[in-house]
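Coordinates in review
Take a look at the letters that make up each chain.
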Amino acid sequence: MNNKIKFSVFADFHYKRGMYPVTVEELEKILERAEKNSTDFIIHCGDLCNDYKGSPELLKAYLNNRYEKKAYGVYGNHELESYNSMEFVTTKLTNDENVVWGTKDGKIAKDGKIGYYYFEKNGFRMICVDTNYYYSYGYEDWRHNEDDSYGPPNGVELYNGLGPVQLEWLENVLMDAADKKIPCIVYSHTTFCPSWRSDSCDADKVREIFRKVNEKRPRTILMALNGHYHSYNVAQVEDIVYLSVPAAINMYAHSRPE
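Residues numbered from 1 in each chain as written. Predicted model: local features only at pLDDT ≥ 70, side-chain atom pairs only at ≥ 80, totals over all residues. Heavy atoms only, no water.

**A look at the pairing of strand 2 (residues 41–44)**
- Burial of the side chains of strand 2 extends over both faces: Phe-41 and Ile-43 are buried on one face and Ile-42 and His-44 on the other.
- Of the pairings in the sheet, the one linking strand 1 (residues 7–10) to strand 2 comprises 4 bridges and is parallel in character. Within the sheet, the bridge partner assigned to Val-9 lies in strand 2 and is Ile-43.
- Taken together, strand 1, helix 1 (residues 24–36) and strand 2 form a β-α-β motif whose crossover is right-handed.
- Of the pairings in the sheet, the one linking strand 2 to strand 3 (residues 71–73) comprises 3 bridges and is parallel in character. Note on strand 3: the bridge partner recorded for Ile-43 is Tyr-72.
- In this fold, strand 2 hands off to helix 2 (residues 56–63), which returns the chain to strand 3; that crossover is right-handed. (Buried < 20%, exposed > 50% of the residue type's maximum accessible area, 1.4 Å probe, protein only. Helix = DSSP H or I, 4+ residues; strand = E, 2+ residues; numbered from the N terminus. Pairing = 2+ DSSP bridges. Right-handed = clockwise from strand over helix to strand, strands pointing away.)

**Quick look at helix 2**
- Taken as a whole, helix 2 has its buried residues at Leu-58, Leu-59, Ala-61, Tyr-62 and Leu-63.
- Of the surrounding secondary structure, the elements contacted by the buried residues of helix 2 are strand 1, helix 1, strand 2, strand 3 and helix 3 (86–89). (Contact = heavy atoms within 4.5 Å.)

**Quick look at the packing of helix 1 against helix 2**
- Where helix 1 contacts helix 2, the axes come no closer than 10 Å and their chain directions differ by 10°. Accordingly, the angle class assigned to the pair helix 1 and helix 2 is roughly parallel. Facing helix 1, whose interface residues are Val-24, Leu-27, Glu-28 and Leu-31, helix 2 presents Glu-57, Leu-58, Ala-61 and Tyr-62.
- Among the residues making up the contact of helix 1 with helix 2, the classes are represented as 6 nonpolar, no polar and 2 charged. (Axes fitted to C-alpha atoms, helices over the stretch in contact; angles between N-to-C directions. Parallel < 35°, antiparallel > 145°, perpendicular 65-115°, else oblique. Nonpolar A, V, L, I, M, F, W, Y, C, P; charged D, E, K, R; others polar.)

**Some details on the nonpolar core**
- Counting 45 residues, the largest nonpolar core has Phe-13, Tyr-62 and Tyr-187 as its most contacted members.
- Aside from chain neighbours lying at most four places away, what touches Tyr-187 is Phe-7, Phe-41, Ile-43, Cys-45, Val-74, Met-126, Ile-127, Cys-128, Val-129 and Leu-225.
- Counting residues in each nonpolar core, the second largest holds 32 residues, with Tyr-118, Val-129, Tyr-133 and Val-186 among its members. (Core = buried A, V, L, I, M, F, W, Y, C linked by side-chain atoms within 4.5 Å.)

**Quick word on unusual backbone geometry**
- For Asp-47, which is not a glycine, the phi torsion comes out positive at approximately 60°.
- Looking at where Asp-47 falls in the secondary structure, it is placed in the loop between strand 2 and helix 2.
- Located in the positive-phi region is Tyr-83, a residue other than glycine, with phi close to 65°.
- Residue placement: Tyr-83 occurs in the loop between strand 3 and helix 3.
- For Tyr-83, a relative accessible area of 67% gives the class exposed.

**Examining the sheet that holds strand 10 (residues 184–188)**
- With mixed pairing, 7 strands are arranged side by side in an open sheet as 4-5-6-10-11-13-12. Strands at the two margins of the open sheet, each flanked by one partner only, are strand 4 (100–101) and strand 12 (233–237).
- Here 5 bridges tie strand 5 (residues 117–121) to strand 6 (residues 124–128), and the two strands are oriented antiparallel to one another. Paired with Phe-119 across the bridge in strand 6 is Met-126.
- Contacting strand 4, strand 5, strand 6, strand 10 and strand 11 (221–226), helix 4 (residues 163–179) runs over the sheet at an angle of about 175° to strand 6.

**Focus on the sheet that holds strand 7 (residues 133–136)**
- Across the sheet, which stays open at both edges, the 3 strands sit in the order 8-7-9 with antiparallel pairing between neighbours. Edge positions in the sheet fall to strand 8 (141–144) and strand 9 (158–161), since each of these pairs with one other strand and no more. Within this sheet the neighbouring strands show an average axis-to-axis angle of 25°, counted without direction.
- In terms of strand pairing, strand 7 meets strand 9 through 2 bridges, oriented antiparallel. The partner of Tyr-135 across the bridge, within strand 9, is Leu-158.

**Topic: the pattern of salt bridges**
- By the definition in use, this model includes 13 salt bridges.
- One salt bridge connects Arg-143 with Asp-141, and the closest N-O pair in it is separated by 3.2 Å.
- Relative accessible area serves as the criterion here: at 32%, Arg-143 is assigned to the partly exposed category.
- Using a relative accessible area of 32% as the deciding quantity, one classes Asp-141 as partly exposed.
- Across the pair Arg-211 and Glu-238 runs a salt bridge whose closest N-O atoms are separated by 3.1 Å. Pair noted here: Arg-211 is in helix 5 (residues 203–216) and Glu-238 is in the loop between strand 12 and strand 13 (240–244), with a separation of 27 residues, a long-range link. (Salt bridge = Lys/Arg side-chain N within 4 Å of Asp/Glu carboxyl O.)

These results come straight from atomic positions and should not be treated as a statement about function.
Pasting the structure below:
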């Protein structure tokens, strides 16, 4: 396979007027660099914005960018903050109408409750997962982080996961890619890498899926990229490159991800 792809990736921009000092102009610089480097698309690994409804200027700059570049993103734990809902935010994850959502028909759900999807570029499959599912033995089911929240409720036992429904979807999408000889890159907010701290409750299950898929067809999954930790880390585990993307703008020093 001689297919090539070039993309720009960033994470944890954390835009919100009055809360953080980041500006639309700084996002424009990221887009300008992506265009200068002739990237095929641009993507963020979550926490683009801490108030989607209150930040139309940022969403316009990203999704209706002057370069007409395809733009994508994944759910971070701050995407639903400030009275935001999945019904609103999911529609703002990408400007590409041709992505395949994790619904039965592959189309975006009216209530936005499915926020994971994949798309294909230059013979590659890009898979964007949502690590905002949690489990409580009191509820006895898996739930997504609530609207107007920046994380799971206090006291839940398992969090920052994909949940069984999304895990099944991920395995099906990857196995399909292996059958069709399509190399894949996976994007998430929290990491699945065992070489540094991961707070994803499903990390072991995701790596087991990766293992099964690459045993079926080696090098189907090439990379897994994430944000969330505001720091740079890279490792190669079982022939997969894991890359933790640092915060786009280091406006504050964080002792732990918020």
